[in-house]
Structures are given as structure tokens and as C-alpha cells.
Amino acid sequence: MLRSKITGTGSALPEKILTNSDLERMVDTSDEWITTRTGIKQRRIAAEGQFTSTFAVEASRSALAMAGVKAEELDLIILGTVTPDFPFPSTACIVQHEIGAVNAAAFDLSAACSGFIYGLSIADKYIRCGDAKKVLVIGAEVLSRVVDWTDRNTCILFGDGSGAAVVEASQGDCGILSTHIFSNGSYWDTLYQPGCGNRNPATSEQTIAERLFYIKMEGNDVFKHAVRAMEEAACTALSANGMTPADVSLLIPHQANRRIIDATAKRLGITEEDRVVINLHNYGNTSSASIPISLDEANRSGRMKTGDIVLLDAFGGGFTYGSALIRC
Ligand code: UT7
């Protein structure tokens, strides 16, 4: 059976670390509050001269090297991001140029924290229908440049980085079993960046006066929806494949808040620590990059063995949410 299979993963993070103690000196917060409410201890912050494409290129090179695929073999590059280098051209085109993927079509995808799973879903469909053989899927963000560093409700949460995966056509039982993507646009203004699109242009006085270029979030609302939606996405993937949570070797959830991850895992009955990938204490919420960074870390540390069932589960602004079930 023709399937798509992840044959290489990579990730890239800025060197600069911003700890909770650093944040204590910037806003009215504490390490204790951030740790108990979110599980985050530190996050990585891009330096001057580093952009979303900087990390996307590094993660992509690493994924291509693991897969043993040359950039010119790629048919498609899909890059999930809400913090592109420019409104246009796409950051995916910049990555294409930098890595030398001269035969690929390249585009960005806006699905916030679900961006990587949305991208994986498109890659899977292109491969299964025979229109592509090798696809590079990337999640990359520099959120630190759209975070209001005076707003303690949001600035403690986010971080920068990128993860990437090479997805290839393959025959057999292993690979991506299914992907499932969902949206609920009724909540579009619950988590968003009001300024810098054409409703509130970057140049307008209102955008500047009301600080509309920064992320705004109704944290409590997002939290409640995230838990329910991630459970729904996970259960959809399992039932589509005649499986139950007991079949899952590894859950790789979006890394937004430790309490969201714990609540989702508990609802699914996946409570053992070694069955859930958690790294948000190190990186915070890197939006579309969070799942591919986690996937790469799990892959490189030997947590994904042949035959294992891995469940990817995401939720983000839009709202968007989605899942992917993989047999390693
Ligand atoms: O990537 C997907 C999208 N993002 C998410 O999934 C994030 C979802 N939301 C969350 O993770 C949580 O809602 C937050 C971590 C953002 C907030 O946690 P919470 O338990 O929902 O706190 P809260 O917003 O209900 O605030 C509780 C209190 C408030 O004070 P009062 O009104 O009770 O006096 C806040 O003002 O905590 C206060 N607070 C803080 N205190 C210290 C809010 N932020 C901070 C802070 N430090 N950084």
C-alpha cells in the first residue's frame, strides 16, 4: 500500500535562553507562578539577525541529512508559521533558495500551532495521490517579535525555534496511518495578532497607539477549548484506525501548557510519563514548531522504535486543531 513515511527529522533553536527569573525582572510575575500555571521554566529567543527562515533552514538541513535526501529531490516545501520573515514572499520560498531545493514548489501555511499537522496532512495527501514523492514539512516561528514584553498574560508563554520532517512515499505498513484537521472560526479573535494585516495596517496610528501588533489572547477560553479539541482530534485518529489509547506508544502533544497536556493525556488514559513527550519547560510554546521539535527530540533520543504507534495532537489560534497517527 502506498503511504507517506517520515524518513528524517530536524530541529533548530536559538542559543539565547530567557528564564523565568529573567522575566521576574521584566514584568510582575514569579518563577513559582509560571511554573505551576504553565510548566515552563525557560524559552529560547532569536538574536538580532536571526529570522524564522534562519531556524527553518537549519532544521531542514538536519532533517534532509537524516533522511539522506538531497534538497533538489524535494517536490514540495510546506512551512507552517504565523511569524514569517515577510508578509510576502513566503518564508518557504526563502528556505527553498537557501537549501537549493530547485525542483520544489514552496508555500507557507497559516494554521497557528496546528501548522505542522496541517502541513503533514497536505504532504500525506500529495504523496498518496502520487503527485509528490518527497516533501519537506516545517514549523518555524520567531514569536518573540510579536509578543508584548509588558503583558504578563502572554509574554511568559512563547518561544522561538523550528522543527522539520522529510516525508517520502513508501510501500508497506509503516508510515502515516491518517491525518485529521479541524477548524472552528467562531473563536478567531480569542487568540490573534490584531495588527499588521490589512484591517489594522502596521502604519496606522491606531495600531501603534493600541499596540495591535502584539499577540492578544483570552487565556482561559483558549485553555478550555484546547483540552476538549485535543481529546477530540486524538480520538478521531484512533477510531479511524480501529485503535484505542492503549495502542499508543507515544503521544506528542502541542506544547502550550503543562496543564493542558496533562488534562488531555488524562482524558485519553495515557498517564505514564514515558508515553508523553514534554519539553515545554525548556522551550515554552513555539506554536507550529512545537510538535516537529518534540518529534525530532523523541526520534533522536530513541523514543520511537519500529512498530511503535505515535500520536501527534495539536491545537491553536483560529481555532485550528488536528492529529496524525504514525506507525514507526
Ligand atoms: O498554543 C495554543 C494556545 N495557547 C494556549 O493554549 C494557552 C492557554 N491558556 C493558558 O495556558 C492559561 O490560561 C494561562 C497560562 C495563559 C493563564 O493561566 P490561568 O490559570 O488561566 O490564569 P488566569 O488567566 O485565570 O489568571 C489568574 C491570575 C490573574 O489574577 P487575578 O485576576 O486572579 O488577580 C492574573 O492576572 O493570575 C494573574 N496572572 C499572573 N500572575 C503572575 C496572569 N499572568 C500572570 C503572570 N504572573 N505571568
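Residues numbered from 1 in each chain as written. Predicted model: local features only at pLDDT ≥ 70, side-chain atom pairs only at ≥ 80, totals over all residues. Heavy atoms only, no water.

Next up on the list: the site of the ligand. The immediate surroundings of the ligand are formed by 23 residues, with Thr29, Arg37, His254, Asn257 and Asn285 found nearest. At 2.7 Å from a nitrogen atom of the ligand is found a side-chain nitrogen or oxygen belonging to threonine 29. Between the ligand and the protein, one listed contact pairs an oxygen atom with a side-chain N or O atom of asparagine 220 at 2.9 Å. When the ligand sits alone it has 960 Å² of accessible area, and the protein chains cover 75% of it. Only helix H2 (31-38), helix H6 (152-155), helix H8 (219-240) and helix H9 (258-268) provide two or more residues apiece to the shell around the ligand. By residue number, the principal contributor to the shell around the ligand is H8, which donates 4 residues. Its residues assigned to classes, the shell around the ligand comprises 11 nonpolar, 8 polar and 4 charged. Counting the residues that make up the shell around the ligand, at least three belong to each of domain 1 (2-172) and domain 2 (177-327). (Near = heavy atom within 4 Å. Polar contact = N/O pair within 3.5 Å; in protein donor to acceptor, adjacent residues only side chain to side chain. Areas by Shrake-Rupley, 256 points an atom, 1.4 Å probe, with all protein chains shown as cover. Helix = DSSP H or I, 4+ residues; strand = E, 2+ residues; numbered from the N terminus. Nonpolar A, V, L, I, M, F, W, Y, C, P; charged D, E, K, R; others polar. Domains from an automatic or database assignment.)

What follows concerns the environment of serine 294. Note that serine 294 resides in helix H11 (residues 290-300). Remark: the alpha-carbon pair of serine 294 and histidine 254, spanning 40 residues in sequence, is separated by 8.6 Å. Discounting residues that sit within four places of it in the chain, serine 294 has contacts with Ile252, Gln255, Val277 and Asn279. At a separation of 2.7 Å, a polar atom in the side chain of serine 294 contacts the main-chain carbonyl oxygen of serine 290. (Contact = heavy atoms within 4.5 Å.)

What the 4 strands build is an open sheet, ordered E8-E13-E12-E11; its pairing is mixed. Of all strands in the sheet, those with a lone pairing partner are strand E8 (175-183) and strand E11 (250-253), marking the two edges. Going across the sheet, the axis of each strand differs from the next one's by a mean of 10°, ignoring polarity. Relative to strand E13 (residues 320-327), E8 runs antiparallel, the two sharing 8 bridges. Looking across to E13, one finds that phenylalanine 182 is bridged to tyrosine 321. Sitting on the sheet, helix H5 (residues 115-128) touches E8, strand E12 (309-316) and E13, and the angle it makes with E8 is about 125°. Against the sheet, H11 contacts E11 and E12, and its axis sits at roughly 150° relative to E11. (Pairing = 2+ DSSP bridges. Axes fitted to C-alpha atoms, helices over the stretch in contact; angles between N-to-C directions.)

The next point concerns the domain arrangement of the protein. Domain parsing of the protein yields domain 1 (2-172) and domain 2 (177-327). In this structure, domain 1 and domain 2 have C-alpha centres spaced 13 Å apart. Between domain 1 and domain 2, the residue contacts involve 51 residues of the former and 47 residues of the latter. Carbon and sulfur atoms make up 60% of the area that domain 1 and domain 2 hide from each other, which totals about 3,800 Å². In terms of surface lost to domain 2, no three residues of domain 1 exceed Cys113, Ile117 and Tyr118, which account for 18% of the buried area on that side. Counting across the domain 1 and domain 2 interface gives 1 salt bridge. The tally of links from domain 1 across to domain 2 stands at 27 residue pairs in polar contact (both at pLDDT 80 or more). (Buried area = accessible area lost by both parts, 1.4 Å probe. Salt bridge = Lys/Arg side-chain N within 4 Å of Asp/Glu carboxyl O.)

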